[in-house]
Amino acid sequence: PIFEIRLNKILLHNLSNQTIYGFRPPREEVNKKLTTFLANSGFKYVLTKNLGQLEVKYDEKDLMLIPRLGTDDYAYLIRLDWDKKQIIDRIMYEMNFITNLNGIYTLSTHTHLFSYGSNIDITKKVIQKFKKTGIPILSGKNIMDRILEAKNIEIKSTLTTSNILVTIKNNNHKMVKNFTFRVYGKTISKVGSDFINIEGKIIKRGLDFVDIRVKELPKFADVSLFLKLEK
């Protein structure tokens, strides 16, 4: 089976003319032998079962292990007795819970469960809700690229009596768009910058946090934002 993975990777590449980056193992189970083989075969990431953490892990040779943080659709359909509303509500609850903890929500679906008959309506409505709330729907390659971008961004903060000074350094060799960070425990009234071409704005307020988005971070930029504290 190990060598079949390599042969299938070559076959998929030849048929699609696309680089194959990721692998999703049966039952999402991985071990040292498999991850070593995947890394040596040119794979960049593998989708795994929940490994007990919100962030990705790295195996040898920087193979990225992306955990599934969400209920398997077998559980949705069996435990919730095929009730569409309950399934959709549960998916949205998990998505909000995990993303609020700064985790990556991954929805596991099986073709024969969510993509046939009336069940396709569940997938359609979930996608519509994601789009309505502004949650991006990403491929495994998109997730990998975003994680690598985030690793190359340094962010530090200094608290004063009236502001939080946030310094951001983009060490990527390209511009990063829509860089978003979260400030906990402080109420921010507005966002300012000394840089004319750097725009930061508040996009979401929670009970004890504020999400701030910088529209564009030029490559190798070193910028500062001033977060005005409410009195």
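Residues numbered from 1 in each chain as written. Predicted model: local features only at pLDDT ≥ 70, side-chain atom pairs only at ≥ 80, totals over all residues. Heavy atoms only, no water.

> Would you mind going over the overall build of the protein with me for this structure?
A tally of regular secondary structure across the protein gives seven helices and 11 strands. Expressed as lengths along the three principal axes of its C-alpha atoms, the size of the protein is roughly 60 × 45 × 30 Å. Of all 231 residues assigned to the protein, the portion counted as buried reaches 35%. Long-range contacts, defined here as pairs at least 24 residues apart, represent 58% of the contacts in the protein between residues at least 6 apart. Summing over all exposed atoms, the protein offers an accessible surface of approximately 14,600 Å²; the carbon and sulfur share of this is 54%. Here the protein contributes 38 positive and 24 negative side-chain charges, whose respective centroids are spaced 3 Å apart. (Helix = DSSP H or I, 4+ residues; strand = E, 2+ residues; numbered from the N terminus. Buried < 20%, exposed > 50% of the residue type's maximum accessible area, 1.4 Å probe, protein only. Contact = heavy atoms within 4.5 Å. Areas by Shrake-Rupley, 256 points an atom, 1.4 Å probe, with all protein chains shown as cover. Lys, Arg positive; Asp, Glu negative; His and termini not counted. Charge placed at Lys NZ, Arg CZ, Asp CG, Glu CD.)

> Hey, could you run me through the nonpolar core in this one?
Soluble, globular proteins show a tendency: their nonpolar side chains are buried together. By size, the foremost hydrophobic cluster in this structure holds 19 residues, and its most contacted members are Ile168, Phe181, Leu217, Leu225 and Leu227. Elements with a minimum of two residues in this core: β6 (163-170), β7 (176-184), β10 (209-217) and β11 (222-229). Each residue touching Leu227, except ones within four places of it in the same chain, is listed here: Ser162, Asn163, Ile164, Val166, Phe181, Val183, Ile188, Lys190, Val191 and Ile212. Listed in part, the 16 residues of the second largest apolar core include Ile91, Tyr105, Ile122 and Phe130. (Core = buried A, V, L, I, M, F, W, Y, C linked by side-chain atoms within 4.5 Å.)

> Any chance you could explain the packing of aromatic side chains here in plain terms?
The description of two aromatic rings rests on the distance between their centres and on the angle between their planes. With the rule as written, the count across this model stands at six aromatic pairs. Each ring, one from Tyr105 and one from Phe130, has its centre 6.5 Å from the other, and the planes form 85°; the classification is edge-to-face. Taken as a pair, Tyr105 in the loop between α4 (84-100) and α5 (111-114) and Phe130 in helix α6 (residues 120-132) lie far apart in primary sequence, 25 residues in all. Relative accessible area serves as the criterion here: at 13%, Tyr105 is assigned to the buried category. Relative to Phe181, the ring of Phe179 has its centre 6.2 Å away and its plane inclined at 35°; by these criteria the two rings are tilted. The pair formed by Phe179 and Phe181 is uniform in burial state, with each residue classed as buried. Here the basic side chain of Lys141 rests over the ring of Tyr21, its NZ or CZ set 4.7 Å away from the ring centre. (Phe/Tyr/Trp six-rings, centres within 6.5 Å; stacked < 30°, edge-to-face > 60°. Lys NZ or Arg CZ within 6 Å of the ring centre and 35° of its normal.)

> What should I look at first to understand the side chain of Asp72 in this one?
Among the secondary structure elements, Asp72 is positioned in the loop between β4 (64-67) and α3 (73-79). No salt bridge is formed by the buried Asp72. Its closest oppositely charged neighbour is Arg68, at 4.3 Å. If near-sequence neighbours (up to four positions away) are discounted, Asp72 is found in contact with Ser108 and His110. (Salt bridge = Lys/Arg side-chain N within 4 Å of Asp/Glu carboxyl O.)

> Help me understand a positive patch on the surface in this model?
Taken together, the side chains of Arg146, Lys177, Lys201, Arg213 and Lys215 define a basic patch exposed on the protein surface. Taking the relative accessible area as the measure of exposure, Lys201 reaches 48% and is therefore partly exposed. (Patch = residues over 30% accessible without salt bridge, like charges linked within 9 Å, V, L, I, M, F, W, Y side chains within 5 Å.)

> Mind showing me how you'd approach the packing of helix α1 (residues 2-16) against helix α2 (residues 32-40) here?
Any two packed helices are characterised by the angle at which their axes cross and by the distance between the axes. At a closest axis distance of 11 Å, the pairing of α1 and α2 adopts a crossing angle of 30°. One finds that α1 runs roughly parallel with respect to α2. Helix-helix and strand crossings are classified by hand; for α1 and α2 the assignment is right-handed. Across the interface between the two elements, Ile2, Phe3, Ile5 and Arg6 from α1 touch Lys33, Leu34, Phe37 and Leu38 from α2. Tallied by class, the residues present in the contact of α1 with α2 amount to six nonpolar, no polar and two charged. (Axes fitted to C-alpha atoms, helices over the stretch in contact; angles between N-to-C directions. Parallel < 35°, antiparallel > 145°, perpendicular 65-115°, else oblique. Left-handed = near helix turned anticlockwise from the far one by under 90°. Nonpolar A, V, L, I, M, F, W, Y, C, P; charged D, E, K, R; others polar.)

> What exactly am I supposed to notice about the pairing of β11 here?
Every regular strand shows the same layout, with side chains that alternate between the two sheet faces. Side chains Val223, Leu225, Leu227 and Leu229 of β11 all project onto a buried face; the interleaved residues Asp222, Ser224, Phe226 and Lys228 project onto a face where none is buried. Pairing of β6 with β11, which is carried by seven bridges, proceeds in the antiparallel orientation. Across the sheet, residue Val166 finds its bridge partner in β11, namely Leu225. In the sheet, strand β8 (residues 188-193) pairs with β11 via five bridges, with the strands oriented antiparallel. Residue pairing for β11: Ser193 is matched across the bridge by Leu225. (Pairing = 2+ DSSP bridges.)

> How should the confidence of the model for the protein be read in this particular structure?
Parts of the prediction with low pLDDT should not have their coordinates interpreted in detail. Per-chain confidence: the protein averages 86 in pLDDT, with 98% of residues scoring 70 or above. Considering each helix and strand of the protein separately, the mean pLDDT is smallest for α5, with a value of 78, and largest for strand β5 (residues 153-159), with 93. (pLDDT = per-residue confidence, 0-100.)

> When you look at the packing of α4 against α6 in this model, what are you seeing that I'm missing?
Where α4 contacts α6, the two axes come as close as 10 Å, and the packing angle between them is 35°. The two elements α4 and α6 cross, and the hand of that crossing is right-handed. Residues Lys84, Ile87, Ile88, Ile91, Met92 and Met95 of α4 pack against Asp121, Ile122, Lys125, Val126, Lys129 and Phe130 of α6. For the contact of α4 with α6, the class distribution of residues is eight nonpolar, no polar and four charged.

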